[in-house]
Amino acid sequence: MKSDHHVILRVITKTLIPVIVLFGLYVQFHGDFGPGGGFQAGVILAVAIILYALVFGVPSAMRAVPPAFTRSVAAVGVLLYAGVGFWALLQGGQYLEYQALFGEEPGGHHGQHVGIILIELGVLFGVSGAMLTIFYAFAGRVAEIRDEDW
Amino acid sequence: MAMSEPDIGLALVNIVLLGLLFVVAIAIARLRSLFAIVMLSGIYSLVSAAWYVAVDAVDVGFTEAAVGAGMSTAVLLGAMLLTSRTAKPEKSLRQLGPLLVCVATGIMLIYATVDLPAVGDPNSPANTGVGLTYLRVAWYDTGIENVVTPVLGSYRGFDTLGETTVVFVAGIAVALLLGFGERSLAETIRNEDKSLPKANKKPEAEDGETDS
């Protein structure tokens, strides 16, 4: 990776990664209106970082997004999702009953919107963190991808 | 969707995409280079994602493109680097058993498709039961435009919580089996430490080479 014949790949990747991340966020927050949601957005965000790792080397990706951070994010995601359920329980509803989050009558939509946005965020964190943890576990075992491996 | 009149264009798209899938699958089965196989399996996922879109399963196609073509290709590349680059050729006599199993399964699946409802059939079991109820009440219940989101998030929130937990547990399990991957980072830092201070080189910097 020290030689410079990957320069086209690097330049294109640098311009592509922000677009991929932006598209992932669009998929996340547009999931209420079109196809998409937390799972797909989580995978897309993870793939953006994996692309960085493939082109610039796993160690530099690990410096930008440390493995300890990815597994914490995965745990936080699952906790956030489960926490919404407990929030509904504390408000007197049933587990994951978004209607109860703000004590609304049937037909009120505020709790549904907030609850779904929160659990989709939980899915986003859980999936992207878990996917990156899996990738680091595989790719982190070889120090550097040599040119003859491609 | 294709109920009222047979759509020639849609049928052609289906035939072309499924034919591509068939060709890619045969190529994967015949190749020995693992790198080519990983790349072709990514192409297989991409073509099947396009086919899901052709049969109006946009969400499934989206997930297949992201997970199958993006994620699993990258993970398989990482796994491939840990092994040799080519698969060992199998004796042709030993390929007979798997071939028989594949042909028998294929015949059973084709036999089963005879009873499947047509794509978009309003009288199919999937569309007459709970699916129709969701389509009717989702807007009143949740006020969310895309009916897939309230089905996944509200009506089946427990399932989605379970799926998220499964993904999380899978990530933790892989990390516990293979290590969290910090070895390569540590190795790079060690190499940098070794190459940078040339002037005050200490002899104990060399014994960091041992790797389990």
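Residues numbered from 1 in each chain as written. Chains lettered and ligands numbered in written order. Predicted model: local features only at pLDDT ≥ 70, side-chain atom pairs only at ≥ 80, totals over all residues. Heavy atoms only, no water.

- As annotated in an unreviewed UniProt entry, chain A carries the name Multisubunit Na+/H+ antiporter, MnhB subunit and comes from hydrothermal vent metagenome.
- According to the UniProt record, the Subcellular location (unreviewed entry) comment for chain A is "Cell membrane". (UniProt positions renumbered as here; feature names shortened; annotations may be inferred.)

**Quick notes on the packing of aromatic side chains**
No. 1: Applying the stated rule across the entire model yields nine aromatic pairs over all chains.
No. 2: For the pair B:Trp51 and B:Tyr52, a centre-to-centre distance of 5.9 Å together with 40° between the ring planes defines the contact as tilted.
No. 3: According to the relative accessible area criterion, B:Tyr52 is partly exposed, its value standing at 24%.
No. 4: A network of ring pairs unites the aromatic residues A:Phe23, A:Tyr26 and B:Phe62 as a single cluster. (Phe/Tyr/Trp six-rings, centres within 6.5 Å; stacked < 30°, edge-to-face > 60°. Buried < 20%, exposed > 50% of the residue type's maximum accessible area, 1.4 Å probe, protein only.)

**Quick look at the side chain of B:Ser154**
No. 1: Within the secondary structure, B:Ser154 is located in helix H7 (residues 148-155).
No. 2: For B:Ser154, a relative accessible area of 17% puts it in the buried group.
No. 3: Apart from the residues within four sequence positions on either side, B:Ser154 is in contact with A:Tyr98, A:Gln112, A:Ile116, B:Thr142 and B:Thr149. (Helix = DSSP H or I, 4+ residues; strand = E, 2+ residues; numbered from the N terminus. Contact = heavy atoms within 4.5 Å.)

**As for the UniProt feature "transmembrane region" (unreviewed entry) in chain A**
No. 1: Those places that UniProt annotates as "transmembrane region" (unreviewed entry) correspond, in this numbering, to residues 7-27, 39-61, 73-96 and 116-138 of chain A.
No. 2: End C-alpha atoms of residues 116-138 of chain A are separated by 33 Å, and the span's content is 100% helix alongside 0% strand.

**As for the interface of chain B and chain A**
No. 1: Counting from both sides, the interface comprises 54 residues of chain B and, opposite them, 59 residues of chain A.
No. 2: Each partner contributes to the roughly 4900 Å² buried at the junction of chain B and chain A, and carbon and sulfur atoms together form 72% of this total.
No. 3: Taken together, chain B and chain A are joined by zero salt bridges.
No. 4: For the interface between chain B and chain A, the tally reads six residue pairs in polar contact (both at pLDDT 80 or more). (Buried area = accessible area lost by both parts, 1.4 Å probe. Salt bridge = Lys/Arg side-chain N within 4 Å of Asp/Glu carboxyl O. Polar contact = N/O pair within 3.5 Å; in protein donor to acceptor, adjacent residues only side chain to side chain.)

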